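Structure assessment
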Amino acid sequence: MESTYCKVCLLHQDKSATERYTISRGPYWILRHHPDPAPLAGWLLLDAQRHIGGPIAFNPDEACAWGGSVQQASLLVQQLTGCDRVYAIAFGEGAHHLHLHLIPRFAGESSSEAWAVADLYRAVSSGTRPSADSSQVADLVYRGRSLWPGLRSLS
């Protein structure tokens, strides 16, 4: 059941945002780019299709599908950005709807290193640091859509 106050549910219902940021939508998960202002090009999110707070609320099918979906989505981040690693972070406090941040980590770029990525996120959100270029984000979404079927659907 969707929450009328949940930021993630509202984003999933927003046709413009869906067209602009969604890479893939399956029965359990939605893979999308971080909306503007995006901290980094290639910062993807894997959202639960249902309004659930986290893995503790998974039904058996969601639990079985989770690991493979996280792996494939992380591989896509790496293919799209050429990053060295992919951080996976989920707190669930900004929106009580499971949304796993998949963050490209580039060796030698201190702004994406460990907890510095939280400072980067806050700086972009507050406007003290520029966000990722929206045309670059659009290109990554487009390329992600074309690459995703070759990986695996979001089961």
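So, here is what we can say about the structure in this document. Since the structure is predicted, the reported quantities are computational estimates derived from the model, not experimental observations. (Residues numbered from 1 in each chain as written. Predicted model: local features only at pLDDT ≥ 70, side-chain atom pairs only at ≥ 80, totals over all residues. Heavy atoms only, no water.)

Considering all chains together, one arrives at six aromatic pairs under this definition. Ring pairs connect the aromatic residues Tyr28, Trp29, Phe58 and Trp66, which therefore count as one cluster. (Phe/Tyr/Trp six-rings, centres within 6.5 Å; stacked < 30°, edge-to-face > 60°.)

Time to look at the sheet that holds strand 2 (residues 29-33). The five strands lie next to each other as 1-2-3-5-4, forming an open sheet whose pairing is antiparallel. What marks the edges here is a single partner per strand, and that holds for strand 1 (22-25) and strand 4 (85-89). Shown here is a sheet whose adjacent strand axes are inclined to one another by a mean of 20 degrees, direction ignored. Examined bridge by bridge, strand 3 (residues 44-48) and strand 5 (residues 99-105) share four bridges and lie antiparallel to one another. For Leu44, the partnering residue across the bridge sits in strand 5 and is Leu102. (Pairing = 2+ DSSP bridges. Helix = DSSP H or I, 4+ residues; strand = E, 2+ residues; numbered from the N terminus. Axes fitted to C-alpha atoms, helices over the stretch in contact; angles between N-to-C directions.)

Extensive coverage of strand 5 is indicated by the burial of seven of its seven residues. The alternating pattern of strand 5 places His99, His101, Ile103 and Arg105 and Leu100, Leu102 and Pro104 on opposite faces, both of which are buried. Bridge count for strand 4 against strand 5 is five bridges, and the pairing is antiparallel. Considered in strand 5, the bridge of Arg85 is made with Arg105. (Buried < 20%, exposed > 50% of the residue type's maximum accessible area, 1.4 Å probe, protein only.)

This is a description of form; function is not addressed.
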